[in-house]
Amino acid sequence: MNHLEPIFFYAFSLIAVLGSAIVVANKRPVYGVLALTVTMLALSALFVLLKAYFVAVIQVLIYAGAILVLFLFVIMLLGMAAVETSQRQRETKKEALFLETIRILKILLPIAFFTELIILTLAAKDAGIGTRNLVGTVEAIGQALFTDYLLPFELVSGILLIGIFGIVTLTQKEEELSLRGGPNGPTK
Amino acid sequence: MTLNHYLITSGILFAIGAFGVLGRRNVIIILLSIEIMLNAANLSFVAFASHLNDLGGQVISLFVIAIAASEVAIGLAIAVILFREQGTLDPEKMNLMKG
């Protein structure tokens, strides 16, 4: 698939750049999250082109599956009207532009997904016999993680644990804090 | 495709993300732009791993993804708290410390 690589590279680079441009340019965070999903899928396809298969899978699972869903949950929690700050006035004028953006997204998402499926099947056929002999399979990545990069790997788990503590502390409401004798609560 | 192609793509993505962080006035979109910048860095890491024939770049991009996950979780928690306290997501209005 060497002769196909430039086509896929330019296509997915274009999709990634367009997706991130939509994230920055449009006014509605929900559309931004959806456009960022397109960017993540295109980047994952670029990782496949670089034969980093495990990183590509993790990219789809963690970013498209977890992080962006978290963004959508928070936008839902705060409410649509709340997250659209200080642009309410000009909204009616640019309504057509938003609809156009959504129309572009509707085309971009399936294209990114299906082309990625095609590229994955093509890549699976001749994995390891391309120009690059470095292949990021699960086995190779796991071996590197648990031998050369064992200490950073453990430190990352510590950072994730500290993140969990931080979120639990941050999202406690003040009443709960004061019930436990927090800074503003009854201490006796 | 050579290393330069991937690095140029990564640079364009990073520039777009930096523009979003600096230019937009919505905390949610600023966090999304930070994600774009982290992904641009990831693309550079994987491209260099492929170019230098070393798995280290791919392993470090996994670490970056893990850090990005915890960063987003904490950032969104702070955004929710700020919205509860101040009723806005505009960082220009978040001047409680008068910085």
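If you're wondering where the values come from, they're calculated on a predicted model, not measured in any experiment. (Residues numbered from 1 in each chain as written. Chains lettered and ligands numbered in written order. Predicted model: local features only at pLDDT ≥ 70, side-chain atom pairs only at ≥ 80, totals over all residues. Heavy atoms only, no water.)

Helix and strand counts for chain B come out as 3 helices and 0 strands. Reading the helices (α) and strands (β) of chain B from amino to carboxyl end gives α-α-α. Counting every position in chain B, which comprises 99 residues, the buried fraction comes to 54%. Sequence-distant contacts in chain B: of pairs separated by 6 or more residues, those separated by 24 or more amount to 54%. Total accessible area on chain B stands at roughly 4,300 Å², and carbon and sulfur atoms take up 69% of it. (Helix = DSSP H or I, 4+ residues; strand = E, 2+ residues; numbered from the N terminus. Buried < 20%, exposed > 50% of the residue type's maximum accessible area, 1.4 Å probe, protein only. Contact = heavy atoms within 4.5 Å. Areas by Shrake-Rupley, 256 points an atom, 1.4 Å probe, with all protein chains shown as cover.)

Residues and elements named next belong to chain B. The tally for this structure, following the rule as stated, stands at 1 salt bridge over all chains. Taking the shortest distance from any N to any O, the salt bridge between D90 and R25 comes out at 3.5 Å. One end of the pair, D90, is in the segment after helix 3 (56-86); the other, R25, is in the loop between helix 1 (3-23) and helix 2 (27-52), with 65 residues separating them in the sequence. (Salt bridge = Lys/Arg side-chain N within 4 Å of Asp/Glu carboxyl O.)

Our next topic: the confidence of the model for chain A. Residue and element names in this part refer to chain A. When pLDDT is averaged along chain A, the result is 78, and 73% of the positions lie at 70 or above. The weakest mean pLDDT in chain A belongs to helix 8 (residues 174-179) at 60; the strongest belongs to helix 7 (residues 150-170) at 91. Below a pLDDT of 50 lies the segment residues 127-131, which in the model reaches 5 contacts outside its immediate sequence neighbourhood of four places, other chains included. (pLDDT = per-residue confidence, 0-100.)

Turning to the interface of chain A and chain B, a few remarks are in order. Taken together, the contact between chain A and chain B spans 65 residues of the former and 56 residues of the latter. Where chain A abuts chain B, roughly 5,300 Å² becomes buried across the two surfaces, and 77% of that area is made up of carbon and sulfur atoms. Together, V24, F71 and L134 of chain A form the three largest contributors to the area buried by chain A at its contact with chain B, with a combined 13%. Applying the counting criterion to the chain A and chain B interface returns 0 salt bridges. (Buried area = accessible area lost by both parts, 1.4 Å probe.)

Turning next to the packing of aromatic side chains. Here the structure, examined in full by the defined rule, presents 4 aromatic pairs over all chains. Here the aromatic rings of F9 of chain A and Y10 of chain A are separated by 5.4 Å at their centres, their planes lie at 70°, and the arrangement is edge-to-face. With a relative accessible area of 2%, F9 of chain A lands in the buried category. What makes Y10 of chain A partly exposed here is its relative accessible area of 47%. Both rings, one in F9 of chain A and one in Y6 of chain B, keep their centres 4.6 Å apart while their planes meet at 70°; by these two values the pair is edge-to-face. Placement of F9 of chain A in helix 1 (residues 5-25) and of Y6 of chain B in helix 1 is noted, with the two residues assigned to different chains. Neither F9 of chain A nor Y6 of chain B differs from the other in exposure class; each is buried. (Phe/Tyr/Trp six-rings, centres within 6.5 Å; stacked < 30°, edge-to-face > 60°.)

Attention shifts here to the packing of helix 1 of chain A against helix 2 of chain B. Helix 2 of chain B packs onto helix 1 of chain A with a crossing angle of 160° between their chain directions and a minimal axis gap of 9 Å. By the angle between their directions, the pair helix 1 of chain A and helix 2 of chain B is classed as roughly antiparallel. Along this stretch, helix 1 of chain A crosses helix 2 of chain B, giving a crossing that reads as left-handed. On the side of helix 1 of chain A, the interface is formed by S20, V23 and V24 of chain A, while helix 2 of chain B contributes I29, L32, S33 and I36 of chain B. Across the contact of helix 1 of chain A with helix 2 of chain B, the residue classes tally to 5 nonpolar, 2 polar and no charged. (Axes fitted to C-alpha atoms, helices over the stretch in contact; angles between N-to-C directions. Parallel < 35°, antiparallel > 145°, perpendicular 65-115°, else oblique. Left-handed = near helix turned anticlockwise from the far one by under 90°. Nonpolar A, V, L, I, M, F, W, Y, C, P; charged D, E, K, R; others polar.)

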